[in-house]
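The primary structure of each chain is shown beneath.
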Amino acid sequence: NMRPDPAEIALRAMLGEGVSNQGKFGKWNWERVPCSYGNVGFWSGRTKRLDLGSSWVGMVRITGAKGENFLMFSYIRADLSIGSEYLVSTGDIRLLRRFADDAMKYLRPRKKPNKITVNVVGHQPDIVLKADEVENVYLPDGLHQDILAQVDGFFGGKEAYKERDITYKRGFLFTGMPGTGKTMLIRQLIRHVYRKYRVETSYLAVTRKTDADDLRMLFGCASDKKPAMLILEDIESLCQETTLTRSEVLAELDGIKQRSGMLLIATANDPGRIDPALVHRPSRFDRVWTFPVPDLALRTRYIADHFKGIDLAFVHYVAEETEDWTLAYVKE
């Protein structure tokens, strides 16, 4: 089962574009093996290089430079998905891991310099940010510094968790009205943990189509050997606007398998709609921050920074007239 393995995309596209009977990548060769299932390629509908070709079904023989030899069978699952799992003719897990890693190395797109790719779980394209871009965050100083210190404490303190035999995971919850700076701070944190710790981020925005597989894929992006920051946006919608049940969500948050290497940041515009079972336990979200509507000083600084050349008296006038407005409304 390839989900949520990062090599899934590479294996799904291993046979390349069009219909071919044999090919090569790195030290590995593949060739089609006739079978009653039929040799078919499926086009995803995208034309960008990101997909690296078509998904495929049928049987192929894989051979390696060191005499490796096994069969690999791809098929359409009952949910119509292709490439999330395969049948193979070997039980050598180390061989399969090496093969999958090589496929990812040779077939997945190379990372662009100075670009951060956020792995988006679900059916949306990945998010690309400029690593060196600076975005000002307009939050009370105490709130901003506290969150940054907690993030640094997690990714910089792995050994402390290990010494105390504490599971290496934390959960943060950001709440507040839309436009109070939650998303802006998350973008800053993505850049910060990448530049300082080379930590990658995965992201899931809850929609009506979100299911247990999506949650499983998100949480599977982190491990003790490769910690990650995970973003779960609009958590209040999980049990209300999706087909997910409370038990399914809790099973992923508190499953038998302890999640390690995971810093989970969830956001909620309306904390009153969050199922209490999701937050009233320290092992799920041990810190909760409420992002306030900006005060007069923050509104003044925001207006002065974003609208250069405006008379200072007018800046103060606008700031005073926008009391109880979020910065999103001030900007409009």
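Everything here concerns the structure above.
Residues numbered from 1 in each chain as written. Predicted model: local features only at pLDDT ≥ 70, side-chain atom pairs only at ≥ 80, totals over all residues. Heavy atoms only, no water.

**Observations regarding the packing of helix H6 (residues 212–219) against helix H7 (residues 246–253)**
As a packed pair, H6 and H7 sit with axes 10 Å apart at the nearest point and diverge in direction by 15 degrees. One way to sum up the angle between H6 and H7 is to call them roughly parallel. Here H6 runs over H7; the crossing is right-handed. Between H6, through Ala212, Leu215, Arg216 and Phe219, and H7, the contact on the second element is made entirely by Glu248, Val249, Glu252 and Leu253. When grouped by side-chain class, the residues that make up the contact of H6 with H7 number five nonpolar, no polar and three charged. (Axes fitted to C-alpha atoms, helices over the stretch in contact; angles between N-to-C directions. Helix = DSSP H or I, 4+ residues; strand = E, 2+ residues; numbered from the N terminus. Parallel < 35°, antiparallel > 145°, perpendicular 65-115°, else oblique. Left-handed = near helix turned anticlockwise from the far one by under 90°. Contact = heavy atoms within 4.5 Å. Nonpolar A, V, L, I, M, F, W, Y, C, P; charged D, E, K, R; others polar.)

**With respect to the pattern of salt bridges**
The tally for this structure, following the rule as stated, stands at eleven salt bridges. For aspartate 152, the salt bridge goes to lysine 196, with nearest N and O atoms at 3.7 Å. Here lysine 196 lies in helix H5 (residues 182–197) and aspartate 152 lies in helix H3 (residues 141–155), a separation of 44 residues in the sequence. (Salt bridge = Lys/Arg side-chain N within 4 Å of Asp/Glu carboxyl O.)

**Thoughts on the sheet that holds strand S11 (residues 228–233)**
Within the open sheet, the seven strands sit side by side as S8-S7-S10-S11-S12-S9-S13. Their pairing is mixed. Two strands in the sheet have a free side with no partner beyond their single neighbour: strand S8 (127–130) and strand S13 (287–290). The mean inter-strand angle of the sheet, taken between neighbouring strand axes irrespective of direction, is 20 degrees. For strand S7 (residues 115–120) and S8, the ladder comprises four bridges, and the chain directions are antiparallel. Pairing of isoleucine 116 across the sheet is with leucine 129, part of S8. (Pairing = 2+ DSSP bridges.)

**A few points about the pairing of S7**
Alternating residues of S7 divide into Ile116, Val118 and Val120, all buried, and Lys115, Thr117 and Asn119, none buried. Sheet topology note: the S7/strand S10 (residues 200–205) ladder contains two bridges and is parallel. When the bridges of S10 are listed, asparagine 119 appears paired with serine 202. (Buried < 20%, exposed > 50% of the residue type's maximum accessible area, 1.4 Å probe, protein only.)

**Some words on the packing of aromatic side chains**
According to the stated counting rule, one finds 16 aromatic pairs in the structure shown. With centroids separated by 5.2 Å and ring planes inclined at 75 degrees, the aromatic side chains of tyrosine 37 and phenylalanine 73 adopt a geometry described as edge-to-face. Here tyrosine 37, found in the loop between strand S2 (28–33) and strand S3 (40–42), pairs with phenylalanine 73, found in strand S5 (residues 69–76); they are 36 residues apart in sequence, far enough to count as distant. Seen in terms of ring centroids, phenylalanine 174 and tryptophan 289 are 5.9 Å apart; in terms of plane orientation they differ by 70 degrees. Their pairing is edge-to-face. Residue phenylalanine 174 is found in strand S9 (residues 169–175), and its partner tryptophan 289 is found in strand S13; the two are separated by 115 residues along the sequence. With relative accessibility at 5%, the residue tryptophan 289 sits in the buried group. Through successive ring pairs, a cluster of aromatic residues spans Phe154, Phe155, Tyr161, Tyr168 and Tyr197. (Phe/Tyr/Trp six-rings, centres within 6.5 Å; stacked < 30°, edge-to-face > 60°.)

**Describing the nonpolar core**
Taken as a class, soluble globular proteins show a tendency for nonpolar side chains to be buried jointly. If you look at the biggest cluster of nonpolar residues, it comprises 30 residues, and the most contacted ones within it are Ile147, Phe155, Phe174, Met229 and Ile265. Of all elements in the fold, only S7, H3, S9, H5, S11 and strand S12 (262–268) reach the threshold of two or more residues within this core. Excluding residues within four positions of it along the chain, isoleucine 265 makes contact with Phe172, Phe174, Ile186, Leu189, Met229, Leu230, Ile231 and Leu232. The next biggest cluster of nonpolar side chains, apart from the first, holds 26 residues, and it includes Val206, Val249, Ala268 and Phe285. (Core = buried A, V, L, I, M, F, W, Y, C linked by side-chain atoms within 4.5 Å.)

**Here's the deal with the side chain of arginine 191**
With respect to the element layout, arginine 191 can be found in helix H5. Overall, the relative accessible area of 3% leaves arginine 191 in the buried class. At a separation of 2.8 Å, a polar atom in the side chain of arginine 191 contacts the main-chain carbonyl oxygen of lysine 130. Each residue touching arginine 191, except ones within four places of it in the same chain, is listed here: Ile116, Leu129, Lys130, Ala131, Glu133 and Glu135. (Polar contact = N/O pair within 3.5 Å; in protein donor to acceptor, adjacent residues only side chain to side chain.)

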